[in-house]
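# A look at the structure
Here is how the chains run, residue by residue.
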Amino acid sequence: MPTSLANIKNKLDDRIGEKLMVIAQAGRKKTTKRHGILRETYPAVFVVDLDQDENSFERVSYSYTDILTKNIEVDFDE
């Protein structure tokens, strides 16, 4: 992944509307996997519409710093 916040945002801007999986750190030795679609990007955060079959809420937002600090991992479906 890119090494600056601007590069991360630019890479995500190019993939709006694509399916992805977000793997987030949920505590000590725990991770959560969420599937959804990259919906919007803003100056500091990006929004993912989640798959309703797997999740109880519709949307979640993450900061670009979460990717930079490796608190989350974003994998796009190819």
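The structure under discussion appears in the preceding block.
Residues numbered from 1 in each chain as written. Predicted model: local features only at pLDDT ≥ 70, side-chain atom pairs only at ≥ 80, totals over all residues. Heavy atoms only, no water.

## Looking at the pairing of strand β1 (residues 19–27)
The side chains of a regular strand alternate between both faces of the sheet. As paired elements, β1 and strand β2 (residues 30–41) share 8 bridges and run antiparallel to each other. Across the sheet, the residue bridging to Gln25 is Thr31, located in β2. Where β1 folds back on β2, the antiparallel hairpin that results is connected by 2 residues, among which Lys29 adopts a positive phi of roughly 55°. (Pairing = 2+ DSSP bridges. Helix = DSSP H or I, 4+ residues; strand = E, 2+ residues; numbered from the N terminus.)

## What to know about unusual backbone geometry
With phi around 55°, Lys29 is a residue other than glycine that occupies positive phi space. In this fold, Lys29 is placed in the loop between β1 and β2. Non-glycine residue Lys70 carries a positive phi angle of around 65°. Tracing the chain through its elements places Lys70 in the loop between α2 (64–68) and β5 (72–76).

## Quick look at the packing of aromatic side chains
Counting across every chain of the model gives 2 aromatic pairs. Aromatic side chains Phe46 and Tyr62 sit 5.9 Å apart centroid to centroid with 40° between the ring planes, which places their arrangement in the tilted category. Taken together, the residues Phe46 in strand β3 (residues 45–50) and Tyr62 in strand β4 (residues 59–63) connect sequence positions 16 residues apart. Judged on exposure class, the residue Phe46 and its partner Tyr62 are both buried. Consider the rings of Phe46 and Tyr64, whose centres lie 5.7 Å apart with planes at 25°: the pair is stacked. Of this pair, Phe46 sits in strand β3 while Tyr64 is found in helix α2, placing the two residues 18 residues apart along the sequence. Exposure class is identical for Phe46 and Tyr64. Each is buried. Linked through ring pairs, Phe46, Tyr62 and Tyr64 together constitute an aromatic cluster. The ring of Phe76 has Arg15 sitting right over it, with the charged end atom 4.1 Å from the ring centre. (Phe/Tyr/Trp six-rings, centres within 6.5 Å; stacked < 30°, edge-to-face > 60°. Buried < 20%, exposed > 50% of the residue type's maximum accessible area, 1.4 Å probe, protein only. Lys NZ or Arg CZ within 6 Å of the ring centre and 35° of its normal.)

## A few points about the sheet that holds β3
One open sheet holds the 5 strands; their spatial order is β4-β3-β2-β1-β5, and the pairing between them is antiparallel. Taken across any chain shown, the strands that pair with only one partner, and hence form the sheet edges, are β4 and β5. Geometrically, the sheet is characterised by an average inter-axis angle of 40° between neighbouring strands, direction not taken into account. As defined by bridge partners, β2 adjoins β3 across 5 bridges and the pair is classed as antiparallel. Of the residues in β3, the one forming a bridge with Leu38 is Val48. Against the sheet, helix α1 (residues 5–13) engages β2, β3 and β5, with an angle of about 70° to β2. (Axes fitted to C-alpha atoms, helices over the stretch in contact; angles between N-to-C directions. Contact = heavy atoms within 4.5 Å.)

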